[in-house]
Amino acid sequence: MLSLAHALESQLRAAIDRAFPEASASARVSGTGLDPQLAPASKPEFGDFQANAALPLAKPLKQPPRQIAAAIVDQLMVDTAFNAICLAPDIAGPGFINLTVRPECLAAEVQARLADARLGVPLVEADNDGQQPTPVVVDFSSPNIAKEMHVGHLRSTIIGDSLARVLEFRGHPVLRLNHVGDWGTQFGMLITHLKQVAPEALETADAVDLGDLVVFYRQAKQRFDDDEVFQTTSREEVVKLQGGDPLSLKAWGLLCEQSRREFQKIYDRLDVRLNERGESFYNVYLESVVEDLNVSGLLVSDDGAQCVFLEGVTGKDGKPLPVIVQKSDGGFNYATTDLAAIRYRFAAPPQGDGARRVIYVTDAGQANHFAGVFQVAQRAGWIPDAGRLQHVPFGLVQGEDGKKLKTRAGDTVRLRELLDEAVERAEADLRRRLQEEGRVEQDSFIEQVATTVGLAAVKYADLSQNRITNYQFSFDRMLALQGNTAPYLLYAVVRIAGIARKGGDLDVTTAELQFSETQEWALVRELLKFDAVIAEVEEELLPNRLCTYLFELSQVFNRFYDQVPVLKAEQPSRSCRLALCRLTADTLKLGLSLLGIPTLERM
Ligand code: ARG
């Protein structure tokens with residue numbers, strides 16, 4: 001109902017202008033005019049919207065707010081466009097103006113959505129509010145080569161993918177970037193180890209399967225810690241690699257390739273698309289980043305290290321904290337690479353990505369890092385006027401005991417095994433249910449349902465939390481058929497598909513929609529919130545808002561379907577109710593697809 005809300009907003013502004021021309025004129029001089037303070041109604045019995053403008057106006061106008069509200073309502077009532085949308089407004093409490101959209105307008109909105117694959121969500125180009133498609137970079141997943149891709153990276157992958165999907169659906173050009181950690185001193189020991197244990201790998205393509213790189217990493221690290229000669233060779237290897245030695249580069253490439261293959265298996269299973277552009281990509285830009293900072297007068301030499309001191313960020317001693325961009329040994333670090341990345345992402349093509357919004361999805365532990373580099377980039381002048389840099393932080397993934405997630409044996413959890421277990425448990429649940437219901441299904445069906453439900457459960461559990469809080473990973477909770485879970489939502493879609501199988505024609509487009517029951521209106525109003533929810537997720541980057549909405553929609557639908565006859569209803573009610581079922585299924589499917597979750601017809 002965003003378009004209705006926009007129309008009401010401007011009608012309210014005009015009404016306020018007419019009711020209080022002087023106050024309006026002076027508000028326009030100082031800013032944007034008087035804000036009608038339009039918001040969704042706080043309770044359904046108050047209608048659809050409320051305008052709260054009268055309260056803050058009381059003081060400047062020296063009038064009681066109810067009197068102000070009455071004057072605004074008088075003006076609204078002479079506006080034919082307003083009367084076409086709303087019933088006569090009520091004034092409630094201290095002076096809230098409650099607005100109820102005409103039933104025929106709500107029905108017309110439902111009608112329009114039944115014929116609109118976008119379900120009322122405008123494409124940015126088509127939006128006449130002056131919104132433009134914004135080239136966005138979403139930097140997410142970003143595991144480190146040869147190290148474990150852990151649950152934190154899984155969270156980043158799932159949240160980042162969903163945000164990218166929402167932005168893409170709105171019509172923004174999105175560049176999904178995997179900023180993998182593929183550069184750094186750890187490669188010294190990895191390459192040294194590789195050259196010693198598998199020299200043949202460097203000569204013949206695919207000669208050796210490096211196997212589990214995590215084990216490989218551990219072995220190299222062990223030797224690095226125990227063996228001084230190995231340490232020295234590793235350090236020399238770093239220098240060689242940075243100097244572009246062909247053999248070192250080849251070894252580095254092999255290690256990256258091996259990791260990449262492992263990561264890709266996870267992305268494929270989760271149906272996540274990513275473009276790899278790791279830290280190494282920015283190597284050639286690091287020196288010029290430091291040089292740029294120097295030219296801007298931001299660089300300070302501190303004990304041999306090149307730093308930028310932050311404004312407004314101080315340490316325990318009260319002194320400004322630095323972002324170190326070049327260490328005293330001449331080496332660059334994580335922050336330097338991120339600065340180079342920011343400069344590149346905002347720079348105009350072909351020297352850059354031409355982004356106008358750059359979003360980073362990482363754990364909240366990196367908040368200070370990003371605040372620091374964002375500030376430096378800002379002061380260096382690398383962020384264009386309309387450019388936005390946003391860190392999207394999330395909390396830790398914990399076990400049910402509230403501690404770091406571990407396997408029963410106490411090891412770190414492998415993502416592959418975690419996804420396997422989700423699917424296995426979903427399969428066991430399904431087989432139990434089939435047995436209870438006396439249903440016989442083919443193995444292919446069971447496999448497909450278990451895979452969809454298991455992976456959906458993992459994704460949804462992650463997305464449905466407010467991402468900032470830590471989240472407790474529980475297979476039992478995420479796979480439950482009741483509550484705010486993927487299975488509950490998937491089941492609502494299945495239920496509607498079942499209506500069609502029982503002979504309900506869901507392809508209703510022609511009937512003139514009429515509703516009479518409370519549960520019908522409740523469902524209509526819930527369905528029409530979808531576009532506003534998407535707009536909110538796009539702005540606030542909180543996928544859990546979409547989850548909450550889809551959950552509430554499923555609940556409202558289930559209440560409707562339990563209490564109001566559909567297939568057994570008389571015409572025209574039957575068609576009108578089937579139309580609501582159709583739109584509910586469409587909304588759930590589209591909403592879930594924006595979370596990266598496919599749906600099922602049967603489960
Ligand atoms: N590789 C980092 C990690 O594993 C995340 C990188 C996030 N992106 C960035 N541009 N810094 O924590």
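This write-up is about the structure you can find in this document. (Residues numbered from 1 in each chain as written. Predicted model: local features only at pLDDT ≥ 70, side-chain atom pairs only at ≥ 80, totals over all residues. Heavy atoms only, no water.)

**Considerations on the overall build of the protein chain**
- Helix and strand counts for the protein chain stand at 22 helices and 14 strands.
- Considering only contacts in the protein chain between residues 6 or more positions apart, those separated by 24 or more positions represent 72%.
- Total accessible area on the protein chain is roughly 28000 Å²; 51% of this is exposed by carbon and sulfur atoms.
- Looking at charge distribution, the protein chain has the averaged site of its 64 positive side-chain charges lying 3 Å from that of its 82 negative ones. (Helix = DSSP H or I, 4+ residues; strand = E, 2+ residues; numbered from the N terminus. Contact = heavy atoms within 4.5 Å. Areas by Shrake-Rupley, 256 points an atom, 1.4 Å probe, with all protein chains shown as cover. Lys, Arg positive; Asp, Glu negative; His and termini not counted. Charge placed at Lys NZ, Arg CZ, Asp CG, Glu CD.)

**Description of the pairing of strand E4 (residues 96–99)**
- Where strand E2 (residues 49–51) and E4 come together, 3 bridges link them in antiparallel fashion. The partner of Gln50 across the bridge, within E4, is Asn98.
- Strand direction decides the pairing type here: strand E3 (residues 90–92) and E4, joined by 3 bridges, are antiparallel. Looking across to E4, one finds that Ala92 is bridged to Phe96.
- Taking the residues between adjacent antiparallel strands as the criterion, E3 and E4 are bridged by 3 residues, where Gly93 takes a positive phi near 50 degrees. (Pairing = 2+ DSSP bridges.)

**Section: the packing of aromatic side chains**
- Evaluation of the coordinates by the stated rule reveals 16 aromatic pairs.
- Ring centres 5.3 Å apart and planes at 85 degrees place the aromatic pair Trp183 and Trp252 in the edge-to-face group. A residue pair is termed long-range when its members are at least 10 positions apart, and Trp183 in the loop between strand E6 (174–178) and helix H8 (186–197) and Trp252 in helix H11 (residues 246–270) qualify at 69 residues. Comparing Trp183 with Trp252 shows no difference in burial state: the two are buried.
- Measuring from ring centre to ring centre gives 5.5 Å for Tyr285 and Tyr344, while their planes differ by 50 degrees; the resulting arrangement is tilted. Placement of Tyr285 in the loop between strand E7 (275–276) and helix H12 (286–295) and of Tyr344 in helix H13 (residues 334–346) is noted, with a sequence separation of 59 residues between them. (Phe/Tyr/Trp six-rings, centres within 6.5 Å; stacked < 30°, edge-to-face > 60°. Buried < 20%, exposed > 50% of the residue type's maximum accessible area, 1.4 Å probe, protein only.)

**Things to note about the site of the ligand**
- Taken together, Asp139, Ser142, Asn144, His153, His179, Tyr334, Asp338, Tyr360, Thr362, Gln366 and Phe370 form the complete shell of residues around the ligand.
- Within the side chain of Asp338, an N or O atom sits 2.7 Å from a nitrogen atom of the ligand.
- Between the ligand and Gln366, the relevant distance is 2.9 Å, taken from an oxygen atom to a side-chain nitrogen or oxygen of the residue.
- Contributions of two or more residues to the shell around the ligand are made by H13 and strand E11 (357–363). (Near = heavy atom within 4 Å. Polar contact = N/O pair within 3.5 Å; in protein donor to acceptor, adjacent residues only side chain to side chain.)

**As for the pattern of salt bridges**
- Applying the stated rule across the entire model yields 39 salt bridges.
- Among the salt bridges present, the one from Glu257 reaches Arg261, with a minimum N-O distance of 3.8 Å. Remark: Arg261 and Glu257 occur in helix H11; sequence separation between them is 4 residues, near one turn of the helix.
- In this structure Glu257 comes out as partly exposed when scored by relative accessible area, which is 31%.
- Using a relative accessible area of 42% as the deciding quantity, one classes Arg261 as partly exposed.
- A salt bridge links Arg577 to Glu520, with the shortest nitrogen-to-oxygen separation between them at 2.6 Å. One end of the pair, Arg577, is in helix H22 (residues 573–594); the other, Glu520, is in helix H19 (residues 518–527), with 57 residues separating them in the sequence.
- Overlapping salt bridges bring together Asp161, Arg165, Glu168, Arg176, Asp271 and Arg273 as one network. (Salt bridge = Lys/Arg side-chain N within 4 Å of Asp/Glu carboxyl O.)

**A short note on H12**
- Taken as a whole, H12 has its buried residues at Leu286, Val289, Val290 and Leu293. For H12, the arc enclosing every buried residue in end-on projection is 95 degrees, short of the 170-degree limit, so these residues lie on one face. For H12, the exposed residues lying more than 90 degrees away from the buried face are Glu287 and Val295.
- At its buried positions, H12 is contacted by strand E9 (305–314), strand E10 (320–326), H13 and helix H14 (367–379).
- Gly297 sits one or two residues past H12 and shows a positive phi near 75 degrees. (Arc of directions from axis to C-beta.)

**A few points about the sheet that holds E9**
- If you walk across this open sheet you meet the 3 strands as E8-E9-E10, and the pairing is antiparallel. Where the open sheet ends on each side, the last strands, each with one partner, are strand E8 (300–302) and E10. Taking the axes of each pair of neighbouring strands and ignoring which way they run, one obtains an average angle of 55 degrees across the sheet.
- Those strands touched by H14 are E9 and E10, and its axis lies near 100 degrees from that of E9. (Axes fitted to C-alpha atoms, helices over the stretch in contact; angles between N-to-C directions.)

**What to know about the nonpolar core**
- Judged by nonpolar contacts, the single largest core of 159 residues is most densely connected at Leu418 and Leu546.
- If one sorts the elements of this core by residue count, helix H16 (residues 443–464) sits on top with 12 residues.
- Excluding its chain neighbours within four sequence positions, the residues that come into contact with Leu418 are Val151, Leu154, Leu405, Val413, Val458, Phe473 and Phe475.
- By size, the runner-up hydrophobic cluster in this structure holds 32 residues, among which are Leu293, Leu339, Ala340 and Tyr360. (Core = buried A, V, L, I, M, F, W, Y, C linked by side-chain atoms within 4.5 Å.)

**Some points on the packing of H8 against H11**
- Contact geometry for H8 and H11: axes closest at 10 Å, N-to-C directions at 95 degrees. Judged on the interaxial angle alone, H11 and H8 are roughly perpendicular. Seen from H8, the contacting residues are Phe187, Leu190, Ile191, Leu194 and Lys195; seen from H11, they are Leu247, Ser248, Ala251, Trp252, Leu254 and Leu255.
- Of the residues in the contact of H8 with H11, the class split is 9 nonpolar, 1 polar and 1 charged. (Parallel < 35°, antiparallel > 145°, perpendicular 65-115°, else oblique. Nonpolar A, V, L, I, M, F, W, Y, C, P; charged D, E, K, R; others polar.)

**Quick look at unusual backbone geometry**
- Of note, the amide linkage connecting Pro349 to Pro350 takes the cis form, showing an omega dihedral of 0 degrees.
- Counting through the fold element by element, Pro350 comes out in the loop between H13 and E11.
- Put simply, Gln571 and Pro572 share a cis peptide bond, and its omega is 5 degrees.
- Take Pro572: it is sitting in the loop between helix H21 (543–563) and H22.
- Although it is not a glycine, Ala146 sits at a positive phi angle of roughly 70 degrees.
- Not every positive phi belongs to a glycine, and Leu541 is a case in point at roughly 60 degrees.
- Of note, Leu541 is situated in the loop between helix H20 (530–540) and H21.
- Exposure remark for Leu541: the relative accessible area of 3% places this residue in the buried category.

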